[in-house]
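So you can see what is in the structure, the chains are spelled out below.
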Amino acid sequence: MTENEISYREKGRAVFLTAMMVLSVVAMSAAFAGGAAAAVNQSTSFVDDADSGSITVVEGDTISGTVEVDGNGNDNDNVYVYLANTSGNGDIVATDDVTDEVNVSEASNTTFSLDTTSEDGSSYAVYAAQIGADDTLSFGDGEELSDVTIEEYTGPRYNDDQSNSNVVESGETVFQGEEDLEFDTTRSELYGSEENGTEGESLSLTGVIPEDQETGTYGDGEFNVRVSEPSVDKVEINRGGADGPDIAGSSVTTGEADELHVSALYNYESAEYAELIVEDESGSDITDSVVTSGDSLFNGEDDDVVVNLEDEDAGDYTFIVQGQENLDEVDSATETTTVSLSTDDDLGLELASGDAVRGDNVQYTVTGGSDENLHYVVIDSSDFRDGVSLENAEKIFRNVDDTEEVGVFSEDHNVSSVDDYDAINGSVNDTDNSTADVVDFAYAQVEMDGTTAVGSIETQYLDDSSVDIEAYDTDVALHNVSDNYEDDASLEVSEGEITIDSPDDTYVVSSEVDVNGTAEGADEVAFFARDNGDWELIEQNVDVDSDDTYDEEDYVLSSSDLAKGSDILSMPGTYRFGVVDQSTVDEYMEDDEIGTSDFNSGSSATMSIRVTEGSLSADFETIGGEISSDVDEDIDVNGTAMGENNVVVAFVDERGNVEAYTSSVDSDDYTFDEEDLSLGDLSQGTVSAHVLSNGRDGVWGDDGAVNGTDADALQTWLTDFNDEDLTGEQIRDRISEETVDASASDDRMVTENFRYTDASTTIDSVYPAGADADGVNPVPANGEIVVDGQTNLQPDDNTITVEVLNEDGNSQTITSTDEWNADGQWTLEISTEDLDIGTYTLESDDGETTDRAQIEIVEEVEDEQPDEGNETDESNETDESDETDESDETDETDETDETDETDETNETDETDETDETDEGTDEGTDEGSDGTPGFGVGVALVALLGAALVALRRNN
């Protein structure tokens, strides 16, 4: 190709491109020959300034307006309104094709709407464009109508006015019972885990959260949601403004119910708003007619919903806070409270009882007021008890329950409390004892708690008559109290009864007794004693319990620590004892005395009481008059000590050693009981045991040698003798001289002696069971034998064991006992059923000492009666006694005497043959005068048979 050819082609191309550019400009001019003139009619729901060229909306809101066309376009043109992101590439984010709603050939208009979405940091604008039918809408087409600011949506998921508000993003919380949710994930189900408290659970992403779905976190880390229980934590109804008193669950009058601010604290704001429902007493929904704040939603912008009940009827109104849509049926997402509405003229006064015993506390209730309002309740001074002091008059109204203040008021002195009277020059000098005649009334100020205020009246300072109580409206001040009360009530006050249940009609000086009884209506009582004159005080301000009983335990009526009336009861004689209401004491007592008529004018009770001196007895528990020094080493003592609180127990041996102890006396039965009192280092021998009490006067002896008056002082004095070189007899003399034998002493002493010696247990008797015998006797086989003995050991703490030993010293049977009486005589039985005939040893063992006795177990124990026909036996008995056979006419040899000795050794006739032999021998001797001198044949035979019998017995 030549250079000319190239040049012509290049020139042709340039001409073609130039033509195309010109044609394009002409075409564009033609396309916009009929332009779209549009105006956005901005919705006031989303516009800050309707006349400005910009609007602000919340993401998800809809932008609506009106667009106009001038009618200069082509019939087939299209008209659009669009929302574009003016940042970056100018993306069109929403479009409304309104072509069919306008006539492009003539001037016309129509409405449009655009949904909004938002990206952080982006700017937006609304455009209107009219383009050709074959053209594609793109950013920049048409005319900008308005700049748009799109703010992030922070409201709940449920919102009919917001698009896409129900989308749940990862990390958000959903609630049990929530519905119509869209989860921003492709998953259809999420799973729980152990660390999130949902192990083994799953969450379906179908859009509905079951009410029983397990709470906790579900997900895999990439997409997670938390399930929570919806709840309303608090509902307040503030009277008169957001900062007014909370009357939820309480009351209000119609005059103060015109502005009730209701607020709610709940946890499901991200799901939906909570709303208020108000129902009247019939259950009808009256929300729309009583809510004055526009709507009944707690939407986070203005949490209070204002309610006006001023024109409603008196009754109970229910305020319900619940979910706006999906959660309204979920119990945990609902909270209910009530307000009781009363009319302004409903203020009343009620008494718990119309009758009272003077001294009772009577509850009263002011009704029908508004919560936290203050009201005065008043009792006129004409209803006070005669002579009541100012101090007690101020106690007529008790400062309890809903009471804010109590006092007395005087119009003349313009004071409202007892303390104020100190400033009255010369009118009152002693508020404790001055009478309440100078005041007009007693009062209480109560604060309404809901529709009621509760207080209490102390009736012991009121007259025993009909008493009027008055209640005043909230705006009545003390100095305006008059007859213009709102309501009143009458209380009938009567005298109460006092009884004395204890003490008994006999009283032992210095003894402890229970003083108790009943005192209707009294808060406190006082004890008095009377001899011949006025009543003298023992003690006052004794509390009376709520059940109208008084009870003083372990009370010493004659104690010197009490008032002077106790002196009357410290001397033997017959007197009067009385109990009286403390209010009587407060009015009439002077110098701890009350006259008889004044004493009887109030609630009181009296009784006759005989006062006696006390007594002392004691018993020392020894065993047979002994205590073992090496085993037991201690001793028990018990006894009675009437009128005493404590006694002293002392032991003195012959060498001047002393052990002393104190023992408390039971106030119920005046007994004392001490076990295992150690005898310590006392020497063996005779020991004297003493119990001492200090008598009615409460001192030891003449209050000389003993340094103190109580039992501890005497114990110390006695043990100090261990440091002195005195014999037992000298110490015993000193004890007597300084106590019971002292001048004018009323001390008491009980003395016993016992031996303090080594342990000892002996066997005294052994005999067959059922027999009456002493000493050690033969006993039968296959039977029961009785073993008696003596010991000085304490029973229960020691055991005596008796063992049967054979000739080889082997134990055959063993029996024991730990039971015997104070005489030390012990007894036990032993079976011989398994023992052979023969000789055995009985051995007793008490753990410290032993004793033995030989016993013979025989086949049968013979009758001890003598054989009347056996004359030879009688001769042998004489032989045993005199060692000479005086019955034989012929002198017998020594061998014959030995035969008799054999009889003596056996102590029984061995066989009948022996008797017969003796008879034969005697007869032979008498008849044979010419026998062989010396041993005759008969004598020899007898001797031989006797020897054989002895040998046979020894073998057995």
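Residues numbered from 1 in each chain as written. Predicted model: local features only at pLDDT ≥ 70, side-chain atom pairs only at ≥ 80, totals over all residues. Heavy atoms only, no water.

A.B. asks: I would appreciate a short explanation of the overall build of the chain in the present structure.
C.D. replies: Along its length, the chain carries 12 helices and 57 strands. The burial tally for the chain puts 44% of its 956 residues in the buried class. Relative to all contacts within the chain whose residues are 6 or more apart in sequence, the contacts with residues 24 or more apart total 68%. Total accessible area on the chain is roughly 48,100 Å²; 37% of this is exposed by carbon and sulfur atoms. (Helix = DSSP H or I, 4+ residues; strand = E, 2+ residues; numbered from the N terminus. Buried < 20%, exposed > 50% of the residue type's maximum accessible area, 1.4 Å probe, protein only. Contact = heavy atoms within 4.5 Å. Areas by Shrake-Rupley, 256 points an atom, 1.4 Å probe, with all protein chains shown as cover.)

A.B. asks: Could you clarify how one ought to interpret unusual backbone geometry in this entry?
C.D. replies: Backbone geometry follows two general trends: most residues other than glycine have a negative phi, and most peptide bonds adopt the trans configuration. A cis amide bond links Ser502 to the next residue, Pro503, at an omega of 20 degrees. Its location among the elements puts Pro503 in the loop between β33 (498-502) and β34 (506-508). Even without being glycine, Ser510 reaches a positive phi, approximately 75 degrees.

A.B. asks: Before we go on, may I ask you to explain the sheet that holds strand β1 (residues 54-58) in this structure?
C.D. replies: Strand pairing in a sheet takes place through backbone hydrogen bonds and is either antiparallel or parallel in direction. One open sheet holds the 5 strands; their spatial order is β1-β7-β6-β3-β4, and the pairing between them is mixed. Each edge of the open sheet is held by one strand with a lone partner, namely β1 and β4 (92-97). This sheet shows a mean twist of 25 degrees between the axes of neighbouring strands, independent of strand direction. Pairing analysis gives 5 bridges linking strand β6 (residues 124-131) to strand β7 (residues 143-151), with the strands arranged antiparallel. Residue pairing in the sheet places Ala128 in a bridge with Glu143 of β7. (Pairing = 2+ DSSP bridges. Axes fitted to C-alpha atoms, helices over the stretch in contact; angles between N-to-C directions.)

A.B. asks: How should I be thinking about the nonpolar core in this particular structure?
C.D. replies: Most often, soluble globular proteins have nonpolar side chains that are buried together. Counting 50 residues, the largest nonpolar core has Val525, Phe527, Phe577 and Phe651 as its most contacted members. Broken down by element, this core gets its largest block of residues, 4 residues, from strand β41 (residues 604-612). Within the second largest apolar cluster, 33 residues are counted, among which are Val232, Ala257, Leu260 and Leu309. (Core = buried A, V, L, I, M, F, W, Y, C linked by side-chain atoms within 4.5 Å.)

A.B. asks: Explain a negative patch on the surface to me, please; I cannot follow it from the model alone.
C.D. replies: On the surface, a cluster of negative charge is contributed by Asp543, Asp545, Asp547, Asp551, Glu553, Asp554, Asp666, Asp668 and Asp669. With 3 residues, the top contributor of residues to the negative patch is strand β38 (residues 549-555). When you line up the elements, Asp551 lands in strand β38. (Patch = residues over 30% accessible without salt bridge, like charges linked within 9 Å, V, L, I, M, F, W, Y side chains within 5 Å. Salt bridge = Lys/Arg side-chain N within 4 Å of Asp/Glu carboxyl O. Lys, Arg positive; Asp, Glu negative; His and termini not counted. Charge placed at Lys NZ, Arg CZ, Asp CG, Glu CD.)

A.B. asks: What's the story with the environment of Val787 in this structure? I'm lost.
C.D. replies: Note that Val787 resides in strand β52 (residues 784-791). C-alpha of Val787 to C-alpha of Leu842: the two residues are 55 residues apart in sequence and 9.1 Å apart in space. Each residue touching Val787, except ones within four places of it in the same chain, is listed here: Ile763, Ser765, Val766, Trp826, Thr827, Leu828, Ile830 and Leu842.

A.B. asks: For this particular structure, what's the right way to read the confidence of the model for the chain?
C.D. replies: Atom-level detail of predicted coordinates should not be read off regions where pLDDT is low. When the pLDDT values of the chain are averaged, the result is 81; 81% of them are 70 or greater. When mean pLDDT is compared element by element in the chain, strand β37 (residues 535-543) scores highest at 96, while helix α10 (residues 894-906) scores lowest at 39. Predicted confidence for residues 1-8 stays below pLDDT 50, and this span has 2 contacts to residues more than four positions away or in other chains. Residue range residues 14-52 is modelled with pLDDT below 50. Its contacts to residues more than four positions away, or to other chains, number 52 contacts. (pLDDT = per-residue confidence, 0-100.)

A.B. asks: I keep staring at the sheet that holds strand β56 (residues 838-845) and nothing clicks. Help me out?
C.D. replies: The strand order β51-β57-β56-β53-β54 describes an open sheet built from 5 strands, whose pairing is mixed. Each of the sheet's edge strands pairs with one partner strand only, and the pair in question is β51 (779-780) and β54 (811-817). Bridge count for β56 against strand β57 (residues 850-858) is 8 bridges, and the pairing is antiparallel. Bridge pairing links Gly838 to Ile857 in β57.

A.B. asks: How should the pairing of strand β35 (residues 513-519) be read in this particular structure?
C.D. replies: Of all 7 residues that make up β35, 5 are buried, and the element is covered over most of its length. Two strands pair when backbone bridges link them, and β33 and β35 are joined in this way by 4 bridges, in the antiparallel orientation. Within the sheet, the bridge partner assigned to Ser502 lies in β35 and is Asn516. The sheet contact formed by β35 and β38 spans 5 bridges and is antiparallel. Note on β38: the bridge partner recorded for Val515 is Glu552.

A.B. asks: Looking at this model, I keep getting lost on the pairing of strand β39 (residues 573-581). Mind explaining?
C.D. replies: The two faces of the sheet receive side chains in turn, since in a regular strand these alternate between them. Taken together, the 6 bridges between strand β36 (residues 524-530) and β39 define a ladder with antiparallel strand orientation. Bridged to Arg530 within β39 is Arg576.

A.B. asks: I tried to follow the pattern of salt bridges on my own but got confused; where do I start?
C.D. replies: Opposite charge on two side chains permits pairing when their charged atoms draw close. In this structure the tally under the stated criterion is 12 salt bridges. Across the pair Glu495 and Arg358 runs a salt bridge, and its minimum N-O distance is 2.3 Å. Within this pair, whereas Glu495 is found in the loop between β32 (487-494) and β33, its partner Arg358 is found in the loop between β24 (355-357) and β25 (361-367), the two being separated by 137 residues in sequence. The partly exposed category is assigned to Glu495, whose relative accessible area is 31%. Here Glu654 and Arg732 are joined by a salt bridge, their closest N and O atoms 3.1 Å apart. Residue Glu654 is found in the loop between β45 (646-653) and β46 (658-664), and its partner Arg732 is found in helix α8 (residues 728-738); the two are separated by 78 residues along the sequence. The buried category is assigned to Arg732, whose relative accessible area is 13%. The network of salt bridges with common partners includes Arg157, Glu172 and Glu178.

A.B. asks: Would you mind showing me how to read the packing of aromatic side chains here?
C.D. replies: Two aromatic rings are characterised by how far apart their centres lie and by the angle between their planes. In this structure the tally under the stated criterion is 15 aromatic pairs. When the ring of Phe620 is compared with that of Phe651, the centres are 5.8 Å apart and the planes differ by 75 degrees; the resulting orientation is edge-to-face. Linking Phe620 in strand β42 (residues 616-621) with Phe651 in strand β45, this pair joins segments that are 31 residues apart in sequence. Each member of the pair, Phe620 together with Phe651, is buried. Both rings, one in Phe651 and one in Phe754, keep their centres 6.4 Å apart while their planes meet at 75 degrees; by these two values the pair is edge-to-face. With Phe651 in strand β45 and Phe754 in strand β49 (residues 748-757), this residue pair connects regions lying 103 residues apart in the sequence. Taking relative accessible area as the criterion, Phe651 reaches 0% and is therefore assigned buried. An aromatic cluster is built from Phe527, Tyr550, Tyr555 and Phe577, whose rings are joined through pairwise contacts. (Phe/Tyr/Trp six-rings, centres within 6.5 Å; stacked < 30°, edge-to-face > 60°.)

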